[in-house]
Amino acid sequence: MTRAPEAIESIESIVDGSPAALQRKSRRGAGRLVWWVVFLIGFLYFFVPLVGTFAFSMRSQPLFSAYAVVVDDPQFLGTLFYSFLIGIITIVASSILIVPTAFWVRLRLPRLRPYVEFITLLPFVIPPIILVFGLLRSYSGDPFPLAGSDFGSNVLLVAAYVVLSFPYMYRAVDTGLRAIDVRSLTEASQSLGAGWFTLLVRVIFPNLRVSLLSGAFLTLAIVVGEYTIATFLARPAFGPYISLLGGNKAYEPAAVSLISFGLTWIAMGLLGLIGRQSRQKIQVAGAH
Amino acid sequence: MTFLTLTGIQKQFGTTYAVHDFNLSAEKGEFVSFLGPSGCGKTTTLRMIAGFEQPTAGTISVGGTDITHRPPNRRNIGMVFQSYALFPNMTVADNIGFGLRVRKKPKDQIRKRVDELLGLINLPDKGGRYPYQLSGGQQQRVALARALAVEPEVLLLDEPLSALDAKIRVALRKEIRAIQRQLGITTVYVTHDQEEALSLSDRVVVMSEGRIEQIGAPPEIYNFPATPFVASFVGTLNLLQATVVDGASARLSVNGQEIRGARAAAAAGQRVTVALRPEAIELGESGGTNLLRGTVEDVSFLGSIVRTRIKIGDAATLSFDQFNDPGLAASTIGELITVSFPPEATLVLEGVASVDATIEQAIAEG
């Protein structure tokens, strides 16, 4: 509807070539130019630091030696592997907690939704430093002396990361649930004899695959780069490693940054690849 | 033998009654429809049978077993939803086999049963497709097969054809009825479409405002509506305001023209409503002893029939149907004509004010 006057205008400008019509045409051309300028500024804003980082990392001689040093450093792979592992455990734990919660809120307790949303946004309000101090204070002594052992500290780290993942996971899952007819699917599977566990595992989780992947990706990105909590819990994670490297070496931190960017992009590409097919499937089916 | 029994079912949401004192006994293999406008409680009753809602009072039993408080997954009742509710992440075959997998049946048995059902719904080669690759009608057939796969004791269908277009709706309802007959499964069908209910069912339960208005076989519901609501909701009906001239001989006056009712009416001088089906009225004087004269107000061509509306006096209007025939000379607007109908075709309904209120509400809702 809103396009109709524009269409009439453009026809006018072609047909009559009147000064008013030409003026409108040039104004539209100027608008397009502004759009390109904004795009270019945005592009440079994100791209120049990357180019700069790359150029800086190449100052070490011979070429790519900073990358070779990083890759050869057993600590690099060790910390990266540790952070990825913690990230995956976080994602699994977070999914197990968030999916049934979001599902139940949507199905049975829609009135609680604003409160649950508020709780999931708390990590944006409470800084990680407060969170980790709270954890250390609560779990350093009896009755739960978790911070005293490696395993206990790992548990605390995962628990803290699960909290950090709340905003991303809950939002992603809630959006996913909105796209499927949760009530009918629940009732259909119940009438076929399925209990809550079967329903969640065979129907709800598989239909939330794409949403879970996007939430999972964000969680992974945050966990892999997280510094504060990992440092205070004295965990051998990737965030503290980059920080340590940055304090001691010149070119290597730049190389590490670019490698982690590369890994992020690969993860994004994988997500897009896996997501494309199933998203189409779910949307069409959800549209009735 | 009574198979599905609902006794004194009530459902209260806060202070309002969604369903009030609902009693029904369905035989094994019977096809029962719940018919009524939206908000009449038909879907709520169906959901109580399925176990998705708990009745506030009353009991539900299947095959003599009380299932009122059983969770839905332990009732063995199949359900087909208006929105199909197929699992988008599963193929057609996986959808149909879902209930059997939940029951941990052996794989080859599941495969055999799925093939059997794909044949039953005439989609033998679509087992590998995903729901989004099927049309609406095909999806609903798969949903039916999925519900039937577990051999439920009762099959519930909640407006299963509402989302489909007219032609597919008619074809699919025939198919549903044929499959139901073939399997002999006790079925409850919820619809607001009276044609669907009348053409499919062994018995129809007409509901309004959470209460049963009438239970009966389709011809009984159509020809002998028990309440003004049923009369107005099922079929097209002429409603004429009349005054009783003589109650004992059922003589009534419609705008000064006298007609006779089928049975003794209320006391003389009382206002009543006369209900008349359009198909019971004939143009001319050969249709029966009751004659009414009026001016043609409108003539509508409806394909196989031609519906003419006439005005009798100042207030009353009357519609009647004639079979379309190329030789038929349709009445012209403004023409003064006589129509006739037998006394047996009239149905005298008492309580004028409440009739109007119920009918207006039904029209507004339906």
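Residues numbered from 1 in each chain as written. Chains lettered and ligands numbered in written order. Predicted model: local features only at pLDDT ≥ 70, side-chain atom pairs only at ≥ 80, totals over all residues.

Would you take a moment to explain the sheet that holds strand β14 (residues 271–276) of chain B for this structure?
Whenever strands of a sheet pair, they do so through backbone hydrogen bonds, lying parallel or antiparallel. All names here are of chain B. As summarised here, the arrangement of the five strands in space is β13-β12-β11-β14-β20, forming an open sheet in which the pairing is antiparallel. Two strands close off the open sheet at either side, each with one partner strand: β13 (257–260) and β20 (347–349). Geometrically, the sheet is characterised by an average inter-axis angle of 45 degrees between neighbouring strands, direction not taken into account. Inspection of the sheet shows β14 paired to β20 by three bridges, in the antiparallel sense. Opposite V274, over in β20, you have V348 as the bridge partner. (Pairing = 2+ DSSP bridges. Helix = DSSP H or I, 4+ residues; strand = E, 2+ residues; numbered from the N terminus. Axes fitted to C-alpha atoms, helices over the stretch in contact; angles between N-to-C directions.)

How should I be thinking about the interface of chain B and chain A in this particular structure?
Accessible area lost upon the coming together of the parts serves often as the stated size of an interface. Taken together, the contact pairs 24 residues of chain B with 22 residues of chain A. Secondary structure elements with two or more residues in the side of chain B that touches chain A: β6 (77–80) and α2 (92–102) of chain B. Among the residues making up the side of chain B that touches chain A, the classes are represented as 17 nonpolar, five polar and two charged. (Contact = placed C-beta atoms within 7 Å. Nonpolar A, V, L, I, M, F, W, Y, C, P; charged D, E, K, R; others polar.)

When you look at the nonpolar core in this model, what are you seeing that I'm missing?
Soluble globular proteins tend to pack their nonpolar side chains together in the buried interior. Of all hydrophobic cores here, the largest spans 149 residues; its most connected members are V173(A), I49(B), A143(B), A145(B), L156(B), V205(B) and V206(B). Looking at which element gives the most residues to this core, the answer is helix α7 (residues 150–179) of chain A, with 14 residues. When residues no more than four places from it in sequence are discounted, the contact partners of L156(B) are L46(B), I49(B), A50(B), I77(B), G78(B), M79(B) and V188(B). (Core = buried A, V, L, I, M, F, W, Y, C linked by C-beta atoms within 7 Å. Buried ≥ 20, exposed ≤ 12 C-beta atoms within 10 Å, placed from the backbone.)

Help me understand the confidence of the model for chain A, please; the structure alone is not making it clear to me.
Taken over all residues, the pLDDT of chain A has a mean of 83, while the share at 70 or more is 85%. A low-confidence stretch, residues 1–15 of chain A (pLDDT under 50), is modelled with six contacts involving residues beyond four sequence positions or located in other chains. (pLDDT = per-residue confidence, 0-100.)

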